[in-house]
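# Structural overview for review
These are the residues of each chain, in order.
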Amino acid sequence: MTLLPADIVALAAQVIAENKAAGRNIALAESCTGGLVAAALTEIAGSSAVVDRGFVTYSNEAKQELLGVSRDIIETFGAVSIACAWAMAQGALKRSNADVAVAISGIAGPDGGTDQKPVGTVVFARAIRGQGEEEALAEERLLDGSSREAVRHQAALVALEMLLP
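Now for a description of the structure that goes with this document. None of these values were measured; they are calculated from a predicted model.

### Description of the side chain of Arg24
Assignment of secondary structure puts Arg24 in the loop between helix 1 (6-22) and strand 1 (26-30). Within the buried set, Arg24 has no salt-bridge partner at all; the shortest N-O distance to an opposite charge, 6.4 Å, is to Asp99.

Right under this line is the structure:
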C-alpha cells in the first residue's frame with residue numbers, strides 16, 4: 001500500500017526502471033513539492049540503484065546554502081523563476097554524484113500568488129552531467145491552481161516526466 005496517488009507511483013516506477021537501464025543516477029532539488037518527487041521515487045523497490053539524493057530547499061536561504069543559488073538571482077528574478085530553477089538544478093548536480101538533476105520551485109497556494117505569478121506558477125529545470133549549461137532544460141508552467149494539492153500533484157508529474165531518459 002502507498003500513500004501516494006497511483007499515477008505518480010506508476011510514473012516513478014517508469015523513471016526508476018528506465019534510468020536504471022540507462023545507468024543514470026538522479027538528484028532532486030525541490031521547493032514547492034517539499035520532497036514529494038523524492039518520496040515517489042523511493043516508494044519503488046530498487047530505487048537505491050538510481051536515486052542519489054534529494055534537496056528540499058523550501059526557503060531562499062536553503063536554496064543559497066545547500067544548492068549555491070546566488071542571492072542576486074533570487075533578488076533579481078525571484079525564487080519562482082527560470083533562472084532560480086536552472087541554478088537549483090545546476091547546484092544539485094554539482095553537489096551530488098547524480099547524472100541528472102531536476103529542480104522544482106513554484107507557488108502552490110492558496111496564498112502567495114501575484115498578477116505576474118499567480119498560484120499554480122511552477123518552474124522546472126533539468127541538468128545533465130556532461131551537457132553544456134546552455135543545453136539545460138528550463139521552463140515555466142501555469143498549472144491548475146484550484147488547490148495546493150492539485151499544484152503539487154501536477155508539479156510532481158512534470159518533474160518525473162523530465163527525469164525520463
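### What about the nonpolar core?
Where a protein is soluble and globular, its nonpolar side chains tend to be buried together. In this structure, Val37, Leu41, Ile104 and Leu163 are the most contacted members of the largest nonpolar core, which totals 34 residues. Secondary-structure elements contributing two or more residues to this core are helix 1, strand 1, helix 2 (36-42), strand 3 (100-106), strand 4 (121-128) and helix 6 (148-162). Not counting the four nearest positions on each side in its chain, Leu163 is found in contact with Val15, Asn19, Arg24, Ile26, Leu28, Val37, Leu41, Val100 and Val102. Cys84, Ala87, Leu93 and Ala98 belong to the second-largest nonpolar core, a separate cluster that totals 22 residues.

### Some words on the pattern of salt bridges
If charged atoms from side chains of opposite charge come close, those side chains can pair. Within this structure, the stated rule accounts for 2 salt bridges. Linking Arg53 and Asp52 is a salt bridge whose minimum nitrogen-to-oxygen distance equals 2.6 Å. Arg53 sits in the partly exposed class, given a relative accessible area of 31%. Its salt-bridge partner being Arg141, residue Glu139 comes within 2.6 Å of it at the nearest N-O pair.

### Side note on unusual backbone geometry
Here the residue pair Gly109 and Pro110 is connected by a cis peptide bond, since its omega of 5° sits within 30 degrees of zero. Residue placement: Pro110 occurs in the loop between strand 3 and strand 4.

### Notes on helix 6
Compared with the 21 Å implied by 1.5 Å per residue over 15 residues, the 21 Å span of helix 6 between its first and last C-alpha is a close match. Every buried residue of helix 6 is listed here: Ala150, Val151, Ala155, Ala156, Leu157, Val158, Ala159, Leu160 and Met162. Where helix 6 is buried, its residues meet helix 1, helix 2, strand 3, strand 4 and strand 5 (137-142).

### Focus on the pairing of strand 4
Taking burial as the measure, the 8 residues of strand 4 include 6 buried ones, the bulk of the element. In the sheet, strand 3 pairs with strand 4 via 7 bridges, with the strands oriented antiparallel. From the neighbouring strand, Val100 faces strand 4, where its bridge partner is Ile128.

### A closer look at the sheet that holds strand 3
Strands pair in a sheet through their backbones, by hydrogen bonds, and they do so in one of two ways: parallel or antiparallel. Strand order in the open sheet formed by 5 strands is 2-1-3-4-5, and the pairing between neighbours is mixed. Lying at the two open borders of the sheet, with one neighbouring strand each, are strand 2 (51-56) and strand 5. When strand polarity is set aside, the average angle formed by the axes of neighbouring strands in this sheet is 15°. Strand direction decides the pairing type here: strand 1 and strand 3, joined by 5 bridges, are parallel. In the strand pairing of strand 3, Ile26 is matched with Val100.

### With respect to the side chain of Gln90
For Gln90, the position within the fold is in helix 5 (residues 82-94). Ignoring sequence-local partners within four residues, the contact set of Gln90 consists of Ala127, Glu133 and Ala136.

### Examining helix 5
Taking 1.5 Å as the rise per residue, helix 5 with 13 residues should run 18 Å; its terminal C-alpha atoms sit 18 Å apart, in good agreement. Turning to helix 5, its buried residues number three or more, namely Cys84, Ala85, Ala87, Met88, Ala89, Gln90, Gly91, Ala92 and Leu93. Elements that come into contact with the buried residues of helix 5 comprise strand 1, strand 2, helix 3 (60-67), helix 4 (71-77), strand 3 and strand 4.

### Some thoughts on the packing of helix 1 against helix 6
Geometrically, a packed helix pair is captured by the angle between its two axes and the distance between the axes. Between helix 1 and helix 6, the least distance of the axes is 9 Å, while the angle of their chain directions is 15°. In terms of orientation, helix 1 and helix 6 fall into the roughly parallel class. Helix 1 and helix 6 meet at a crossing whose hand is left-handed. For the pair helix 1 and helix 6, contact is made by Asp7, Ile8, Leu11, Ala12 and Val15 and by His153, Ala156, Leu157, Leu160 and Glu161, respectively.

Calculation notes
Residues numbered from 1 in each chain as written. Predicted model: local features only at pLDDT ≥ 70, side-chain atom pairs only at ≥ 80, totals over all residues. Heavy atoms only, no water. Helix = DSSP H or I, 4+ residues; strand = E, 2+ residues; numbered from the N terminus. Buried < 20%, exposed > 50% of the residue type's maximum accessible area, 1.4 Å probe, protein only. Lys, Arg positive; Asp, Glu negative; His and termini not counted. Salt bridge = Lys/Arg side-chain N within 4 Å of Asp/Glu carboxyl O. Core = buried A, V, L, I, M, F, W, Y, C linked by side-chain atoms within 4.5 Å. Contact = heavy atoms within 4.5 Å. Expected span 1.5 Å × (residues − 1). Pairing = 2+ DSSP bridges. Axes fitted to C-alpha atoms, helices over the stretch in contact; angles between N-to-C directions. Parallel < 35°, antiparallel > 145°, perpendicular 65-115°, else oblique. Left-handed = near helix turned anticlockwise from the far one by under 90°.

Geometric values such as these leave the question of function open.
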